[in-house]
Amino acid sequence: MEKETVEKFKKEERPVWFLGRRTAMPIKAKIVGICEDGSAGEYAKLEYICDDECAVLKSEDVSFGRMYKSKDDLVADLCKEALKETAEIKAAVQTKDDCIRFMFNHTVSYAGEYTDLIARRAIQNIAMKRWGLNLE
């Protein structure tokens, strides 16, 4: 979000959305303050809104670039980024050797929260389509 939009949302007490760092889930919040830090840049102090869409009570500092006007905007941006990353992986992995190198350097195995799920899915699709390998 741009600073002007953040200020407008704060003044109008409109909710914003951002992706929770630990949960990787959309979080709805209200802006309670606008701050600036020399090293961190501009950010907003947010308080989570506890309702049917979000059931957590907490506050957090979030940079303007991580805030969205709506949950739909947040999800659309996440999908766009996932498709972009998938396309980059597919372009980089052309041979089985490329695939092995990629898997060696990225966490595509099941490793809980450390698993790169986008890369995992991309590699699974590449292996199945190009070489008939089922990497489930």
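Residues numbered from 1 in each chain as written. Predicted model: local features only at pLDDT ≥ 70, side-chain atom pairs only at ≥ 80, totals over all residues. Heavy atoms only, no water.

Visitor: Could you give me a rundown of the pairing of strand β3 (residues 41-48), with the residues and numbers involved?
Guide: Note: strand β2 (residues 26-37) against β3, eight bridges, orientation antiparallel. Note on β3: the bridge partner recorded for Lys30 is Glu47. Looking at chain direction, β3 and strand β4 (residues 59-63) are connected through five bridges and run antiparallel. Residue pairing for β4: Tyr43 is matched across the bridge by Ser63. (Pairing = 2+ DSSP bridges. Helix = DSSP H or I, 4+ residues; strand = E, 2+ residues; numbered from the N terminus.)

Visitor: Which residues make up the packing of helix α2 (residues 71-92) against helix α4 (residues 117-131), and what are the values?
Guide: For the pair α2 and α4, the least separation of the axes is 9 Å and the interaxial angle reads 45°. Classified by the angle between their axes, α2 and α4 sit oblique to one another. The chirality of how α2 crosses α4 is right-handed. Packed against α2, whose contacting residues are Ala82, Glu85, Thr86, Ile89 and Lys90, the element α4 presents Ile118, Ala119, Ala122, Ile123, Ile126, Lys129 and Arg130 at the interface. Partitioned by chemical class, the residues of the contact of α2 with α4 number seven nonpolar, one polar and four charged. (Axes fitted to C-alpha atoms, helices over the stretch in contact; angles between N-to-C directions. Parallel < 35°, antiparallel > 145°, perpendicular 65-115°, else oblique. Left-handed = near helix turned anticlockwise from the far one by under 90°. Contact = heavy atoms within 4.5 Å. Nonpolar A, V, L, I, M, F, W, Y, C, P; charged D, E, K, R; others polar.)

That is the geometry; function is a separate question.
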